[in-house]
Amino acid sequence: MTDMTNRQWRVARYPAAGEMITRDDFEWTAAPVPEPDDGEFLVRNLYLAPGPAQRGYLDTRQAGFFGEVLPLGAVMRGRGIGEIIVSRHPDYAPGDIFTGSLGWQDYSIQRPHGAEFVFSTRKIGNPRQPLSLHLGILGQAGGTAYFGLQEAAKLAVGDNVLISGAAGGVGSVAGQIARLKGAGTVAGIAGSDAKCRWLIDELGYSAAINYKTENLNERLAELFPTGIDVFFDNVGGAVLDGALAHLALRARVAISGFISTQYAKDEPAGPANYRQLVFKRARMQGFVYFDYWDRYAEAEAALTAWYDQGGLIDTECLYDGLERMPDALAGLFTGANRGISICRVESS
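Trainee: Please clarify how the packing of aromatic side chains should be interpreted in this entry.
Mentor: Geometrically, a pair of aromatic rings is defined through the distance of the ring centres and the angle of the planes. Applying the stated rule across the entire model yields 14 aromatic pairs. Aromatic pair Y289 and W293: ring centres 5.8 Å apart, planes at 85°, arrangement edge-to-face. The exposure class assigned to W293 is buried, which follows from its relative accessible area of 6%. Summarising the aromatic geometry, the rings of W293 and Y296 are spaced 5.8 Å apart at their centres and angled 40° between planes, so their arrangement reads as tilted. When sorted by exposure, W293 lands in the same class as Y296, which is buried. Among the aromatic side chains, those forming a connected cluster through ring pairs are W9, F26, W28 and W104. Here the basic side chain of R122 rests over the ring of W293, its NZ or CZ set 4.8 Å away from the ring centre. In this structure, K123 is placed above the aromatic ring of Y92, and the distance from its NZ or CZ to the ring centre is 5.0 Å.

Trainee: Sorry, what's going on with the pairing of strand 9 (residues 186-190) here?
Mentor: On any regular strand, side chains alternate: one points to one face of the sheet, the next to the other face. For strand 9, the buried fraction is high: five of the five residues fall into the buried class. The two faces of strand 9 match: V186, G188 and A190 on one face and A187 and I189 on the other face are all buried. Pairing analysis gives three bridges linking strand 8 (residues 161-163) to strand 9, with the strands arranged parallel. Residue pairing in the sheet places I163 in a bridge with G188 of strand 9. Note on the crossover from strand 8 through helix 3 (residues 169-180) to strand 9: the handedness is right-handed. Summarising the sheet, strand 9 and strand 10 (residues 207-210) pair through four bridges and their orientation is parallel. The partner of I189 across the bridge, within strand 10, is I209. In this fold, strand 9 hands off to helix 4 (residues 193-201), which returns the chain to strand 10; that crossover is right-handed.

Trainee: Would you explain the environment of A245 in this entry?
Mentor: Residue placement: A245 occurs in the loop between helix 6 (237-244) and strand 12 (247-255). On a C-alpha basis, the gap between A245 and A272 in space is 9.3 Å, while along the polypeptide they are 27 residues apart. Excluding residues that lie within four positions of it along the chain, A245 makes contacts with N273 and Q276.

Trainee: So what exactly am I meant to see when it comes to the sheet that holds strand 8 here?
Mentor: Two modes of strand pairing occur in sheets, parallel and antiparallel, and in both the strands are linked by backbone hydrogen bonds. Spatially, 10-9-8-11-12-13 is the arrangement adopted by the six strands of the open sheet, whose pairing is parallel. The sheet is open, and its two edges are formed by strand 10 and strand 13 (283-286), each paired on a single side. Shown here is a sheet whose adjacent strand axes are inclined to one another by a mean of 15°, direction ignored. Running at roughly 145° to strand 11 (residues 228-233), helix 2 (residues 140-152) makes contact with strand 11, strand 12 and strand 13 of the sheet.

Here is what the cut-offs are and how they apply
- Residues numbered from 1 in each chain as written.
- Predicted model: local features only at pLDDT ≥ 70, side-chain atom pairs only at ≥ 80, totals over all residues.
- Heavy atoms only, no water.
- Phe/Tyr/Trp six-rings, centres within 6.5 Å; stacked < 30°, edge-to-face > 60°.
- Buried < 20%, exposed > 50% of the residue type's maximum accessible area, 1.4 Å probe, protein only.
- Lys NZ or Arg CZ within 6 Å of the ring centre and 35° of its normal.
- Helix = DSSP H or I, 4+ residues; strand = E, 2+ residues; numbered from the N terminus.
- Pairing = 2+ DSSP bridges.
- Right-handed = clockwise from strand over helix to strand, strands pointing away.
- Contact = heavy atoms within 4.5 Å.
- Axes fitted to C-alpha atoms, helices over the stretch in contact; angles between N-to-C directions.

Below you can see the structure in the form of structure tokens.
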């Protein structure tokens, strides 16, 4: 493999706290394709999925939360799906489809890992086309939405549901699952009128709120006159605080992320309306997808069935080419993306 080239994005600098991530934080390099040792296999990367946690790999304040901060010069970490090209492991064969932390590169050496948070791996037994589905609605985005609603939120038929970051990767799936599971009102919060229309017209949301132009407090009172039973939060900050003021009795708040404040320059203040958790005897729980890694097959089966039946719509936002990965990651923080961001490694 030494005559082949492995294109790579490496960490060039650490953006300052509160600084937007840019292409200047990475260096475009190339190296020979490595050879696997015993117990290893070589994976050709086909698709990568940028995620907000990847920003944390460049932030020393986030050390230990989502994996160790990457040293300068290291290949940027990121989950992907690819094809095994060469194998020296008895349980993995050339042609098998594999998902794991493949990194921002064309090729990587891998070995099996269990439920080890960001390094968890899986061989896809019955791959679907396009393979990017296994990173999106049938993968981490779909699984996060599924377990967040099913376990952290304990969604029940008839629950009135609010989802923040509703036009993002996880949010765009969570709203659809809530509808499919028999929720009552399903409202989403997004950052543009176009995204709000998309939530209603294509994804089946009951209503949508443009937090940039509408009064959030007034709209929540209008849409949830008896209160919010389930709040699936992806953004934190002022949106979380505003939603807490409108909780129903025994509401459940599932915290999937806090992208609005996670990499802010200054430590954000806590929610002033947390007292509503006492007044309404409500529960707020954080979770991550890898908490339920051993139940992946359960989520995959449900998500696949909904997708095959036409009830679950793929919300993929595709970037073409490995060279676009910095743009795909930055777009998560600027609102440029809609749906599940995926980067096809090889340009079409």
